[in-house]
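What follows is each chain in one-letter form.
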Amino acid sequence: MNDNRDARLLKAVVLFAVAVFIADLLTPLGGTVWVLYLPVILASVWLNNPRYVVVVSAACAVLVVVGFLLTHPDTITWRGLRNRGMGLVALALTAYVGIILCKRSVHLAEALSSLKREVEQHDKTERALVQSEERLRLAVEGAGMGTFDVNLQTNEVVWSETHFRMLGYEPEPSGAASREMWLCRVHPDDRRHVLESQDRARRERSLYSTEYRIRRQEGQHPVWLTVFGRFFYDGQGEAVRFLGVSFDITRRKELESEVLRIAAREQEEIGQELHDGVGQELTGLGLMTQTLAHRLPESAEEKRIAIRLIAGLDQVHRKVRELSRGLIPVHVETRGLSAALDDLATRMTEQSCISVTCECPEWVELPDHATATQMFRIAQEAVTNALRH
């Protein structure tokens, strides 16, 4: 469509120039005839093509000269020559300005086209970024993951909605929070450990990874979080930013505790069965063997076999009793963990012939039987490894 418009305009320009030339021949227009050629040059500028401007300007200049020569073949005056010369200069200046305008228009069009492409690319990138952020937000919310961003230079803190809810707060539209809001939720028993872990990760430039409890409200059960984060540093090596994610692992901790309770109960049942069932059977067999040995003559070979059998049964009975004690190490109804550790030290001394002692200057109150059992297991493993190596 633009090509057809340009072609029609070019035809109109040519026809107008020819009409001016014919009019100049039929009725000499004098030295001001060049003024009528100016619209022709200006119209060619509209085509926004410097070559068209040059061709049209040259053609108009030729028509001005030819018209002057044909209309005044015998009476060429200095005044007429000067007027036509000034007209040629005016046409040349107009053509020069037109060429500059065309070039500037071309550059402007190219700049506008480039700007349009950049705007389109920016819009496309922005849409892709929005979609990516939306996918990330859905993934984070679906995974139950909270995020936090701490500017260590300005102390500005930004939390995600999930992180707000993890700590028992209503989400802020801007995400603005504070270090004090977080610190007051950390369980008092875990606060020192958490702060030391952060300081160590900052000094060593390592990954921050820890688990701790938070208390949302008084009277509520603590909530367990696992947190991963990393510090970012400037050119001078100063930490300027702290980014991280958090997960609610309360359910996992509950399952771990349940598994430990089930394992401890199973071990206790097995130990009780060994102590009550197998132990009693061995005791009965030992008594029967002793009775048999008393009835046999001293010189009988069977009596020596019965005596060895009594010793073997007694040794097996002691092993079963030790095994049952290991499976049921803590008796809450007596002195609890302290008594079990004393018994462990005594047994380890007898087995290894190395003096093992247990010192507990103060009474340690533990929350439940499962915790006491786990503490005993840790001590038992430590003493066993120490004696072995």
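What counts and how
Residues numbered from 1 in each chain as written. Predicted model: local features only at pLDDT ≥ 70, side-chain atom pairs only at ≥ 80, totals over all residues. Heavy atoms only, no water. Helix = DSSP H or I, 4+ residues; strand = E, 2+ residues; numbered from the N terminus. Buried < 20%, exposed > 50% of the residue type's maximum accessible area, 1.4 Å probe, protein only. Contact = heavy atoms within 4.5 Å. Areas by Shrake-Rupley, 256 points an atom, 1.4 Å probe, with all protein chains shown as cover. Pairing = 2+ DSSP bridges. Core = buried A, V, L, I, M, F, W, Y, C linked by side-chain atoms within 4.5 Å. Expected span 1.5 Å × (residues − 1). Arc of directions from axis to C-beta. Patch = residues over 30% accessible without salt bridge, like charges linked within 9 Å, V, L, I, M, F, W, Y side chains within 5 Å. Salt bridge = Lys/Arg side-chain N within 4 Å of Asp/Glu carboxyl O.

A. Fine view of the overall build of the protein. The number of helices and strands found in the protein is eleven helices and six strands. The 389 residues of the protein split such that 29% are buried. Considering only residue pairs separated by 6 or more positions, the protein has 52% of its internal contacts joining residues 24 or more positions apart. Put simply, the protein shows about 26000 Å² of open surface, and 59% of that area lies on carbon and sulfur atoms.

B. Summary view of the sheet that holds strand β1 (residues 145-151). Strand order in the open sheet formed by six strands is β3-β2-β1-β6-β5-β4, and the pairing between neighbours is antiparallel. Two strands lie at the open edges of the sheet, namely β3 (176-177) and β4 (208-214), each paired on one side alone. Strand direction decides the pairing type here: strand β2 (residues 156-159) and β3, joined by two bridges, are antiparallel. Looking at β3, one finds that Val-157 is bridged to Ala-177.

C. Here's a closer look at the nonpolar core. Trp-159, Leu-167, Trp-182, Tyr-208, Tyr-212 and Leu-225 are the most contacted members of the largest nonpolar core, which has 22 residues in total. Where this core is concerned, the elements lending two or more residues are β1, β2, α5 (161-166), α7 (188-204), β4, β5 (223-233) and β6 (239-248). Core analysis: the next-biggest nonpolar cluster, separate from the first, contains 18 residues, Val-13, Ala-17, Val-45 and Cys-102 among them.

D. Structural context of α7. Taking 1.5 Å of rise per residue, the 17 residues of α7 would be expected to cover 24 Å, and the 25 Å separating its terminal C-alpha atoms lies within 8% of that figure. Within the sequence span of α7, burial applies to Asp-190, Val-194, Ser-197, Gln-198 and Ala-201. Across the axial projection of α7, the buried residues extend over an arc of 100°, all falling on one side. Residues Arg-192 and Arg-203 are exposed on α7 and point more than 90 degrees away from its buried face. Each element contacted by the buried residues of α7 is listed here: α6 (179-183), β4, β5 and β6. Directly after α7, the chain includes Arg-205, whose backbone phi takes a positive value near 55°.

E. Expanded view of the environment of Cys-360. Along the chain, Cys-360 turns up in the loop between α10 (336-352) and α11 (369-388). Sequence separation of Cys-360 and Ser-338 is 22 residues, and the distance between their C-alpha atoms is 7.1 Å.

F. Examining a nonpolar patch on the surface more closely. Together, Leu-108, Leu-112, Leu-115 and Val-119 line one region of the surface with nonpolar side chains, adding up to about 370 Å² of accessible area. Turning to its location among the elements, Leu-115 is positioned in helix α4 (residues 78-142).

G. Representation of the pattern of salt bridges within the structure. If you walk through the whole model with that rule in mind, you get eleven salt bridges. The closest approach of N and O atoms between Arg-213 and Asp-190, which form a salt bridge, is 2.9 Å. Remark: Asp-190 occurs in helix α7 and Arg-213 occurs in strand β4; sequence separation between them is 23 residues. Given the relative accessible area of 11%, Asp-190 is considered buried. Residue Arg-252 pairs with Glu-256 through a salt bridge whose shortest N-O separation is 3.4 Å. Of the two residues, Arg-252 and Glu-256 are both situated in helix α8 (residues 250-295); the distance of four residues between them amounts to about one turn of the helix. With relative accessibility at 36%, the residue Glu-256 sits in the partly exposed group. Each of Glu-211, Arg-252, Lys-253 and Glu-256 takes part in one network of salt bridges that share partners.

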